[in-house]
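Okay, here's what each chain looks like letter by letter:
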Amino acid sequence: MDEYIKLLKKEPILRRLSLIQLIAYFGAWFSNVAIYTLLVQLDVSAFTIALVASFHFLPGVLQAPISGVLIDKISPKKLMLSLVVLEIISTFCLLLVTSSALLWLLFVLVFIRMGSASFYFTIEMSLLPKILEGKSLQYANEIHSIIWSLSYTLGMAMSGFLVYKLGVSIAFIVDGFLFILAFSLLYKLDLHIEFEKAQESFVKTFKEGLVYIRSNKKVLHLIIIHASVGFTVFDALVTLMAKHLYSEYLAIPLTLGLIHATRALALVLGPILLGKWINSSRLGYLFLMQGLGIIVWGSFIENIYLSLLGAFVSGFSTTTLWSYTYTLIQKHTEKKFYGRVVAYNDMVFLFTGAMSSLLVGVLIESSWKIQSVLYLLGSAFFMMSLYYIYVRKVYHV
């Protein structure tokens, strides 16, 4: 923790970006509980819930080829401010969704909102290697993931209580004003970062990025390895748990907030305790820990109290796994290609998250038990451990 504090004190740009990130992420997760509570209130199917969850990731997949080029051709601050404006507008417009007849509008707004958020994230992650390197870059990635987890914890927990007490609409209004605050802080930020604008045409810049990744097998494999963390996207599963397993014990918004907050607490503590331990030779073990944690959760879900323990165990390795694999990609990418490589990496990661969410919906609709779905997702990380060991041996990661 001391290393994180020292880095934030030393790097004013990182400090301001982190504050903006904390506010924006808190708002995003704050209204997320409201969105899933609204879906349960409208009594939609398990597949519809899973489809909405996938829409949190699909925009990043579809826009990545464009966003990667734009990052390397347009000033980052202009892009970031425009994206926050889109988040403000789409968040307030969620107030218009009041019936199942307007589900189409919910899909559109979630798509715009999350597309803007993922684009903003990609810009920020492409900036970090330009101002930091080595261990500082790893710490910055860990700070980013801790902020994400902390926002997730507080946002989900507080939103669960607020939605239960005051309703869905209030959460959307609070969220909108949080994005306005984030815009104000970003507008005042003096962002002096070296910007090497790509001079080639849009199409040529796009193709050049693809050729670079295809020819750099190490980066390609690391992108696939990082994408596996997308299997830990549990929004749809947690919503279905709250609806089918725990609704007789707690109100659904409270259950959503409690489970997400418990898991996210582990996401915050994980990198604090594992940050100094993790290195390239131990990463394979971390994949095993992640898989085992998810399987333990699956074994505990019948009991709401043990399920909270399982949620904690399943989240303990996730943040470190995400941040360290991201650091490896940044470390092995040439500076000229940061924007495009980060965008394509996010595209694969978000595609994995979207497909994981849709898979959950399909399996549940096909009469799979939630427990069995968790066992399947946990087993995937055992396979990724073997895959990483192979990549490390062949490509000397």
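Residues numbered from 1 in each chain as written. Predicted model: local features only at pLDDT ≥ 70, side-chain atom pairs only at ≥ 80, totals over all residues. Heavy atoms only, no water.

A.B. asks: Tell me about a nonpolar patch on the surface, and please be specific about residues and values.
C.D. replies: Side chains of Leu62, Leu86, Trp104, Val108, Phe111 and Ile112 sit close together on the surface and give an oily, nonpolar patch of about 560 Å² of accessible area. Looking at which element gives the most residues to the nonpolar patch, the answer is helix α6 (residues 103-131), with four residues. Position of Val108 relative to the elements: it lies in helix α6. Val108 sits in the partly exposed class, given a relative accessible area of 38%. (Patch = residues over 30% accessible without salt bridge, like charges linked within 9 Å, V, L, I, M, F, W, Y side chains within 5 Å. Areas by Shrake-Rupley, 256 points an atom, 1.4 Å probe, with all protein chains shown as cover. Salt bridge = Lys/Arg side-chain N within 4 Å of Asp/Glu carboxyl O. Helix = DSSP H or I, 4+ residues; strand = E, 2+ residues; numbered from the N terminus. Buried < 20%, exposed > 50% of the residue type's maximum accessible area, 1.4 Å probe, protein only.)

A.B. asks: Give me the side chain of Thr255: which residues, what numbers.
C.D. replies: With respect to the helices, strands and loops of the structure, Thr255 is situated in helix α12 (residues 252-274). Residue Thr255 is classed as buried on the basis of its relative accessible area of 1%. Those residues in contact with Thr255 that lie beyond four places of it in its chain are Ala242, Tyr246 and Leu250. (Contact = heavy atoms within 4.5 Å.)

A.B. asks: An account of empty space enclosed by the protein is requested, with residue identities and associated values reported.
C.D. replies: Applying the stated criterion across every chain, the model contains three cavities of 30 Å³ or more. There is about 800 Å³ of room inside the largest cavity. For the largest cavity, the lining is made up of 36 residues, of which Tyr25, Trp29, Phe57, Trp148 and Phe349 are closest to its centre. If you tally residues by element for the lining of the largest cavity, the top one is helix α2 (residues 12-41), at seven residues. (1 Å grid on protein atoms, 1.4 Å probe; cavity = no way out; pocket = protein on both sides within 12 Å on 5 of 7 lines; lining within 4 Å. Points joined across faces, edges and corners; volume = space filled by probe spheres on them.)

By themselves, these figures tell us nothing about what the structure is for.
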